[in-house]
Amino acid sequence: MRKLLAVVAFAVAFGANGQEKVLRVVPHSNLNILDPIWTTQYMARNHGYMVYDTLFGTDEKSRVQPQMVDKWTVSQDQKQWSFTLRSGLAFHDGKPVTGEDVIASLSRWGKRDAMGQKLMTFVEKMDSPDAKTFRIFLREPCGFVLEALGKPSSNVPFIMPKRVADTPADKQIEEAVGSGPYIFRKEEFKPGDKAVYVRNPKYVPRKDPPSGTAGGKHVYVDRVEWNLALRDAQSQVNALAKGEVDVLERPAFESYEQLKQIADVRLVTKDPLGFQYMGRFNHLHPPFNNPKVRQAAIAAMAQEPFLRAQVGIKEFYRGCASMFTCGTPYGSAKGSEIQSKSNMKKAQELLKASGYDGTPVVILKPTDLAAIQKLPDVAAQLLRQAGFKVDLQAMDWNTVVSRRAKKDPPAQGGWNIFLTAWVAPDIWNPLTNAAIGGAGEKSWFGWPSDAQLEKLRDEFARATDDAGKKALAERIQARAFEIGTHAPLGEYVNPLAVRKNVTGWVIGPGDHYWNVKKN
Amino acid sequence: MLATIPVLLIVAVLVFLLLRLTPGDPAAIMAGDAATAEQIERIRAGLGLDRPIVVQFGIWLAKVLSGDLGESFYYRIKVTTLIGQRLEPTFALASLTILIAVVVSIPLGVLAAWRFGGWLDRALMGFSVMGFSVPVFVLAYLLIWLVSLKLGWLPVQGYVRISGGFFLFLKHLILPAITLSVIYIALIARVTRASVLEALGEDYIRTARAKGLPEVRVLVRHALANAAVPIATVIGIGIAILIGGVVVTESVYAIPGLGRLTVDAVLARDFPTIQGVILFFSFVYVAVNMLIDLSYVFLDPRIRY
């Protein structure tokens, strides 16, 4: 009998220990493109962080830290940068990561990403004198080499094998082979249903503590499954409550009250910097081709009503006078008085003084994107109160995305305002913030044209000292408010909802699954 | 069978043109939020969307005629493969739904007709009205709350393929099938009731009863058999509608079926997938209709083609 009990106990213990640890995640959206360089979609970026590694990371304090790079040097004239890769880096196919792989990856990224393109305007050449070293030679000093290489959001300069990175930049890659902490199981990928990643047993994490996208990327689960089919907000909550999934990446704001009542669930503010809402004007067509009208609109668009209507939970949102994320090095209130110290009466006066002729303002309202769908209604109401004539047009988000790319007049299928949200790293500096540009038709949708703004951004790119960069960022922001590139509409966080047995969340922007433990 | 070809051709042309006329640019969607106009233009050219519509249609039609429904813009896999992946969940859900609906509704309908005006008949009519009136998602949430969250009997969501074990497969499918079957139970039961009621008024029923046949036999062999044609019609239409119309149920229960694929493709403007799936649905509609027509011959020997 004793022998039998011992056998049973052994079997139970072995069964428990031998069981695979599977982290079941409900991501914020569907994964439909697997090339994080070809698209800026956040889901592709998150897929990238599972599969690939980066040369540098950005920690929770927004500081760039080495990741695949072991050490680096920069010449006295700041034109030659030399980097040495860490030992033990290998791709999932077993081949070592070399300088040639890095150069091919950076070249492809530099053709797609806006910051990468900017960096490449400074780059004279790149080479790899030996397998573990790569060098970047600049034509003239530039102040954002490390920020670019450690860029935490789309497009992230992920390192791929040379044979993959040699894919033309306008074509999608065919393989998902990286050197990151997880291996993508292509054979288990079912579009719209499930994406599976398994632990990369050969991954060598850094010794530093994990922080943001920097530090040691330790993997404590055997497998991460992204449930791509579970997209109904209430069903997500039900599934989490029943323990059928472990993590909800972006619960609907309306779900938090219910989530707080579930005993085995807790909320985790993994990304305290969060997101910023933005109202973007079309500078090509009346009435917003007139800077005075844009200023009147910014004055009318106070942040609190947007945040209250859209987020609704006081502890999850904050006003932020900066166009760069508040709480990051370039966050400041410089030049924001037009919005932060304004009120409806002033907006009405500004509009009257602007010579606005009653041209209707076409606002694009997405009806299927819970995270932003209430913003256009608030914008419409505030602008009406200020004296604008508003035409609020409802459509699905993908129609908004298509329509905002049109430069036609609003009456012919164009637009005047659309509203969106950005993750912090996308807007925290003048080179990543797509909305702060003045290159006319080459700018991001809305196409502001302002030579002074472009000149300041160019100076920022060349500045190499932190104090000088900060001063320039302030001047850029002040100019952006002056010409009214867009209206920042406040910031918010969207905490994860997780089962209580899932711990180890790394603080920092983005959705990453290293260091996460499931007990 | 030959009549299928012009129907499918008309559907193909209409779907193709409608997609090109509706707003929404797949290139802009694929490029992501921070993409520039230049990047979007390059993607558009890569997808062949910068060519004239006639050329695009010609290329697509030539592929379809050779049995190739094209490749998804997003997943870059064959649309036929995508449909293949999604067919099992939808087919399984539709089959189980219809099975439950038929097993429950036909006896109910016959009983209601038999006890016309009685409490059973009134209860059935009341249930029918409720079945038609309660939205599927409301019923789904109520059932999930009761059966999955409170009683803990069944999973909240998800789908397990039949290859993953029949018990698990059934465990995940039973609740969505019950949810979806309610409206079909209501529909088929009403049609059965009306048809059987009509048959019960016929002379041959009176004759059967006068001969002393047991009431069950009168109801099943005489009344129901003669009422079978409209019932088969409504069941057939139900199957056809189910194949393409289960999107709400699939969404609430996270079942990766054809309905969800269609909605995702429409929202993402994945033209090849939408075109392929709708052609497939059209084919299913035509095939099911044909099968219904053929079934009439067996159900009513008087019908000849």
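Anything mentioned here points back to the structure above.
Please read all numbers here as calculations on a predicted model, not as lab measurements.

Considering the overall build of chain B
Scanning chain B from N- to C-terminus turns up 14 helices and zero strands. N-terminal to C-terminal, the α/β element order of chain B is α-α-α-α-α-α-α-α-α-α-α-α-α-α. Residue burial in chain B is summarised as follows: out of 305 residues, 40% are buried. Intrachain contacts of chain B at a sequence separation of at least 6 include 72% that bridge at least 24 residues.

What about the overall build of chain A?
Of regular secondary structure, chain A possesses 17 helices and 23 strands. Taken over C-alpha atoms, the radius of gyration comes to 24 Å for chain A, in line with the 24 Å a tight globule of 519 residues would show. If you line up chain A on its principal axes, its C-alpha atoms span 90 × 60 × 40 Å. Within chain A, the fraction of its 519 residues that count as buried is 55%.

Let's talk about the nonpolar core
Nonpolar side chains in soluble globular proteins generally cluster together in the buried interior. Counting 225 residues, the largest nonpolar core has A:Val247, A:Ala296, A:Ala297, A:Ala300, A:Met301, A:Ala379 and B:Ile188 as the members making the most contacts within it. The biggest single contributor to this core is helix H8 (residues 166-200) of chain B, with 16 residues. Ignoring sequence-local partners within four residues, the contact set of A:Met301 consists of A:Gly279, A:Gln339, A:Ala379, A:Leu382, A:Ala487 and A:Leu489.

Structural notes on the sheet that holds strand S8 (residues 133-138) of chain A
Residues and elements named next belong to chain A. If you trace the four strands from one edge of the open sheet to the other, you get S5-S6-S8-S7, paired in antiparallel fashion. Two strands close off the open sheet at either side, each with one partner strand: strand S5 (69-74) and strand S7 (123-130). The average angle at which neighbouring strand axes cross in this sheet is 20 degrees, direction not considered.

Re the interface of chain A and chain B
Across the contact, 37 residues belong to chain A and 40 residues belong to chain B. When residues of the side of chain A that touches chain B are traced back to their parent elements, those giving at least two are helix H7 (233-242) and helix H14 (397-403) of chain A. A per-element tally of the side of chain A that touches chain B places H7(A) first, with six residues. A class-by-class count of the residues in the side of chain A that touches chain B yields 11 nonpolar, 16 polar and 10 charged.

Details of the packing of helix H1 (residues 4-21) of chain B against helix H4 (residues 53-65) of chain B
When two helices pack together, their arrangement is given by the angle between their axes and by how far apart the axes lie. Residues and elements named next belong to chain B. Two elements in contact, H1 and H4, have axes separated by 11 Å at closest approach and are oriented at 140 degrees. Here H1 lies oblique to H4, going by the angle between them. By crossing handedness, the relation of H1 to H4 is classed as right-handed. Every residue of H4 that contacts H1 at Ala-12, Phe-16 and Arg-20 is listed here: Ile-53, Phe-57, Trp-60, Leu-61 and Val-64. Along the lines of polarity and charge, the residues of the contact of H1 with H4 split into seven nonpolar, no polar and one charged.

Some details on the pairing of strand S12 (residues 223-227) of chain A
Residue and element names in this part refer to chain A. Most of S12 is tucked away: four of the five residues are buried. The sheet contact formed by strand S1 (residues 22-26) and S12 spans four bridges and is parallel. By the bridge assignment, Arg-24 is partnered in S12 with Glu-225. Here five bridges tie strand S11 (residues 194-199) to S12, and the two strands are oriented antiparallel to one another. Of the residues in S12, the one forming a bridge with Ala-195 is Trp-226.

Focus on helix H5 (residues 79-114) of chain B
Here H5(B) is 36 residues long and its end C-alpha atoms lie 49 Å apart, about the 52 Å a rise of 1.5 Å per residue gives. The principal kink in H5(B), of about 40 degrees, is found at B:Leu87, preceding the proline B:Pro89 by one to four residues.

As for the sheet that holds strand S14 (residues 265-268) of chain A
Strand order in the open sheet formed by seven strands is S10-S11-S12-S1-S13-S21-S14 (chain A), with mixed pairing between adjacent strands. In this open sheet, the two strands that pair with only one neighbour each are strand S10 (182-184) and S14 of chain A.

Topic: unusual backbone geometry
The amide bond that connects A:Ser154 to the next residue, A:Asn155, takes the cis arrangement and shows omega of -10 degrees. Here A:Asn155 is to be found in the loop between helix H5 (145-149) and strand S9 (158-159). Of note, the amide linkage connecting A:Pro286 to A:Pro287 takes the cis form, showing an omega dihedral of 0 degrees. Examined against the element boundaries, A:Pro287 turns out to sit in the loop between strand S15 (275-281) and helix H9 (291-300). Its identity is not glycine, yet B:Arg76 carries a phi of approximately 55 degrees, on the positive side. Tracing the chain through its elements places B:Arg76 in the loop between H4 and H5. The backbone phi angle of B:Ala254 is positive, close to 55 degrees, even though this residue is not glycine. Position of B:Ala254 relative to the elements: it lies in the loop between helix H12 (247-252) and helix H13 (258-268).

What counts, and at which threshold
- Residues numbered from 1 in each chain as written.
- Chains lettered and ligands numbered in written order.
- Predicted model: local features only at pLDDT ≥ 70, side-chain atom pairs only at ≥ 80, totals over all residues.
- Helix = DSSP H or I, 4+ residues; strand = E, 2+ residues; numbered from the N terminus.
- Buried ≥ 20, exposed ≤ 12 C-beta atoms within 10 Å, placed from the backbone.
- Contact = placed C-beta atoms within 7 Å.
- Rg over C-alpha atoms; globule rule 2.2 N^0.38 Å.
- Core = buried A, V, L, I, M, F, W, Y, C linked by C-beta atoms within 7 Å.
- Pairing = 2+ DSSP bridges.
- Axes fitted to C-alpha atoms, helices over the stretch in contact; angles between N-to-C directions.
- Nonpolar A, V, L, I, M, F, W, Y, C, P; charged D, E, K, R; others polar.
- Parallel < 35°, antiparallel > 145°, perpendicular 65-115°, else oblique.
- Left-handed = near helix turned anticlockwise from the far one by under 90°.
- Expected span 1.5 Å × (residues − 1).
- Bend = angle between axes of the 7 residues up to and from the residue.

Geometric descriptors of this kind do not, in isolation, establish any biological role.
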